[in-house]
Amino acid sequence: MNRFYITTPLYYINDKPHLGTAYSTVIADVLSRYHQLMGYETFLLTGTDEHGQKCSQSAKQKNIPVQSYCDEMAGNFEKVWKLLDISYNLFFRTTSSWHKRAVQKCLQSLYNKQLIYESTYEGWYCVSEEIFYTSKDLVDGKSPTGKEVIKIKEKNYFFKMSAYQKPLIEHIEKHPDFIQPSYRKNEVLGFLKQDLEDLCISRPKSRLDWGVEIPFNTDYVTYVWVDALLNYTTGVGYQQKDREGEFEKWWEDTGALHVIGKDILLTHCVYWPCLLMALGIRLPKTVLAHGWLLNQSQEKMSKSKGDAMDPLALLQSFDSDSLRYFLTRDIPMGNDAPVSHSLITRRINEDLANNLGNLISRTTKMIHQHFNSQIPERKAGKATDNIESLKELGTKTTEEVKEGILSLKPHSALERIIHLLNETNKFLEQNAPWKTVKSNKEDTAKVLRAALEIIYLSSVLLKPVMPKKMKQLLESLSCPEEWPLKHFQSGAFPKGGEKIQELPPLFPRIKN
Ligand code: MSP
């Protein structure tokens, strides 16, 4: 069986989840569910990045012991992910003892291979990003993204990252799928044109003690990014004896897909592959960098600016399926896109209330009124031309959805489904079953059956994005089972005679 291992970033817990972090998570969940639909065995890993200065400072400000603070904050993420129907296999927390032990084993093995050495670090540190900068990186005395930095001079441990510059460039050039969308690849290669420096991977406990202790010098803790990146492997059993076979299954044999935001491209496409090469394990198959959700002034929405939208507040106005739909459909993968209450409302009304909702209501209404709520039977013999072309469009759309997902463009998969729904509405208008039902019931039945089959197909195709509503819709059409996509191609839609249920409108029009 084909497998698919997908991860989200591990989120900092100094604040509650916001729509930007929810976006990374929804995209990963949607891709994972589509792969299930295509018959893959899947594993979705998400979780929280709990060590480091940022988290320790926030706990101190609130006067809460840092571990209790982490427990509370991680709980917020789990809660919101559940409300957004994120079907994860593992909610990973970097403070779990099994992860900490595994990180220590990795560091010890790098130290034994002499890939870690001690030296003095002198430079700048940005607490908000948990990133080191040299003087030449700074812009007007701040980090390149405008965050405060502090000066640091201290003894630390370094990872010989510079040794991997050449093999990394070669890997990126040889594997066009490694960095997606492809234009991000040039950004990373551009960065790799300068000499790659070694990476400072420790903090003296005298300055920060909230981290994984360095096994060969307990006066130090591990740099938070090293600890957090390793989660992608330890989460599927790396360096853990009691989880035999898991790491080979999900990491070595499958090759991971990391969904990240473009702001953490370098840590994922430079630090992480270098660490993996040093550990002697394969690199992820793909790092998929999405764009930013923008506020009204077309800037990245963020907690620090105080303009990040709160998913819990949005769930008061929109149901989780509709919100998931908006996030997947409105933000072309990789691009930045504006988000606002009125943009969400407009999208839901246009695609779901009008297009899909209208198709469902006009088709099922006629079946209830004129066919005793029974699905018209499949008739042998050639269908009329326009029924045939509608069916062909359904098959073509299924292929396009698969292509959209495999090329990591879920927005384009949705766009094709919406096109199919539009065409089906046009098909009904051309055939006007509401006019023909009195004079030609047999052909009317064929037309309605064709429309129902497309509703069925679309609900299967939309289920990874809108799991709750599409389940309801499928059940109302007498298709309660979890039918994988291949069943559609073998014509598994009910033969006819089965009753359909009355459904209240799935997507009532939202007032702006
Ligand atoms: N802890 C690190 C990741 C470690 S992964 C080994 C981190 N955490 S984060 O909480 O700051 O951000 C996580 C993700 O949220 C990033 O992928 C980031 O791009 C995403 N977003 C945060 N704000 C965002 C928007 N306004 N828009 C879209 N995504 C954004 O970085």
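In what follows, the structure referred to is the one given above.
Read on for a plain summary of the structure. (Residues numbered from 1 in each chain as written. Predicted model: local features only at pLDDT ≥ 70, side-chain atom pairs only at ≥ 80, totals over all residues. Heavy atoms only, no water.)

1. Quick notes on the state of the cysteines
Piece 1. Evaluation of the coordinates by the stated rule reveals 0 disulfides.
Piece 2. Here Cys55 stays free of any disulfide, with the sulfur of Cys70 as its closest cysteine sulfur at 3.7 Å.
Piece 3. Left unpaired, Cys200 is separated from the closest cysteine sulfur, that of Cys126, by 15 Å.
Piece 4. Classification of Cys200 by relative accessible area gives buried; the value is 3%. (Disulfide = S-S within 2.5 Å. Buried < 20%, exposed > 50% of the residue type's maximum accessible area, 1.4 Å probe, protein only.)

2. Points about the sheet that holds strand S8 (residues 199–200)
Piece 1. Taken in spatial order, the 4 strands of this open sheet run S5-S4-S6-S8, and their pairing is antiparallel. Only two strands of the sheet have a single partner each, and these edge strands are strand S5 (131–133) and S8.
Piece 2. Taken together, the 3 bridges between strand S4 (residues 116–126) and S5 define a ladder with antiparallel strand orientation. Across the sheet, the residue bridging to Tyr125 is Phe132, located in S5.
Piece 3. Where helix H10 (residues 265–279) meets the sheet, its contacts fall on S5, strand S6 (150–159) and S8, and the angle it forms with S6 comes to roughly 30°. (Pairing = 2+ DSSP bridges. Helix = DSSP H or I, 4+ residues; strand = E, 2+ residues; numbered from the N terminus. Contact = heavy atoms within 4.5 Å. Axes fitted to C-alpha atoms, helices over the stretch in contact; angles between N-to-C directions.)

3. A few points about the side chain of Asp330
Piece 1. Summarising the element assignment, Asp330 is placed in helix H12 (residues 320–330).
Piece 2. At 2.3 Å, the side chain of Asp330 and the side chain of Arg347 are in polar contact.
Piece 3. Ignoring sequence-local partners within four residues, the contact set of Asp330 consists of Ala337 and Arg347. (Polar contact = N/O pair within 3.5 Å; in protein donor to acceptor, adjacent residues only side chain to side chain.)

Coordinates in, geometry out; function isn't part of it.
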